[in-house]
Amino acid sequence: MKKISSLALASLFAVGTAQAALMGSSSNSSIAHTRPAGPDIGEWVRTVALPQFNPNLGQLTSVTFTLSGDVVVDFFATSTQTGPQNVVNNLRANLEFAVPTLPLRGLVFSKTGSYTLAGFEGTMRQLDDSDSISFSLTSSSDWGAFVGTGSFDVAVEATSQSAGSAGGNVDDFTLPTTTAQVSVQYDYTANRVPEPGSLAL
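Computed from a predicted structure; not experimentally measured.

Asks: Please clarify how the side chain of Q81 should be interpreted in this entry.
Replies: Examined against the element boundaries, Q81 turns out to sit in the loop between β3 (58–79) and β4 (85–98). There is a polar contact of 3.1 Å between the side chain of Q81 and the backbone oxygen of G83. The residues touching Q81, leaving out its near neighbours within four places in the chain, are G119, F120, G168 and N169.

Asks: Got a minute to help me understand unusual backbone geometry in this structure?
Replies: What you tend to see is this: most non-glycine residues have negative phi, and most peptide bonds are trans. Between G38 and the following residue, P39, the backbone shows a cis peptide bond with an omega angle of 5 degrees. We note that T101 has phi near 70 degrees; this positive angle belongs to a residue other than glycine. Judged by relative accessible area, which is 67%, T101 ranks as exposed.

Asks: Any chance you could explain the sheet that holds β3 here in plain terms?
Replies: Strands belonging to one sheet form pairs held by backbone hydrogen bonds; the direction of such a pair is parallel or antiparallel. Taking strand neighbours across the sheet as the criterion, the four strands line up as β1-β9-β3-β6 in an open arrangement whose pairing is antiparallel. Each of the sheet's edge strands pairs with one partner strand only, and the pair in question is β1 (28–41) and β6 (122–137). Averaged over all adjacent pairs, the angle separating strand axes in this sheet is 10 degrees, with direction ignored. Pairing of β1 with strand β9 (residues 170–190), which is carried by twelve bridges, proceeds in the antiparallel orientation. The residue of β9 that forms the bridge with N28 is T189.

Rules used in this analysis
Residues numbered from 1 in each chain as written. Predicted model: local features only at pLDDT ≥ 70, side-chain atom pairs only at ≥ 80, totals over all residues. Heavy atoms only, no water. Helix = DSSP H or I, 4+ residues; strand = E, 2+ residues; numbered from the N terminus. Polar contact = N/O pair within 3.5 Å; in protein donor to acceptor, adjacent residues only side chain to side chain. Contact = heavy atoms within 4.5 Å. Buried < 20%, exposed > 50% of the residue type's maximum accessible area, 1.4 Å probe, protein only. Pairing = 2+ DSSP bridges. Axes fitted to C-alpha atoms, helices over the stretch in contact; angles between N-to-C directions.

Nothing here speaks to function; it is geometry throughout.
Right, dumping it as structure tokens:
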């Protein structure tokens, strides 16, 4: 009897182990994608494509976007007078992001620099600025455009109002170069996978 009981207990234990293994375990995971737009000169519009979240990976819990950008402006100035003059350079630029189903999101760039320009002197000065924003979508009602096995598009528009000003006579122009990045991070609970031990049973 003792031998039979031992075998029965071993059998029950094996069945219980197999059931637990088949249930497997779940874990919190994340996957991120980043796509650039630019760098490019002047004002421009670009479209970047990012992968959707594949629902076969597990249960999505949140979607986080990070929108960032950098602007570099070259200010060219040539004095057309004999005396020195003060020159003020103003970097003013914007990046606008159109993410599907969401309101437009924007970045604002602003910086000022000044210097003294000698008579009949020609020069180039440079200003740069950067900015970024992040936001998360935690409601499944906001995820429709971002779930699937394809991709979604984000339109990015760069504009610039940068300019230089002087107290005298000067010929000047500006040359802005803008770079943008769009990042998406999917946080999810991974699907349960059977433990290796269950396959032997």
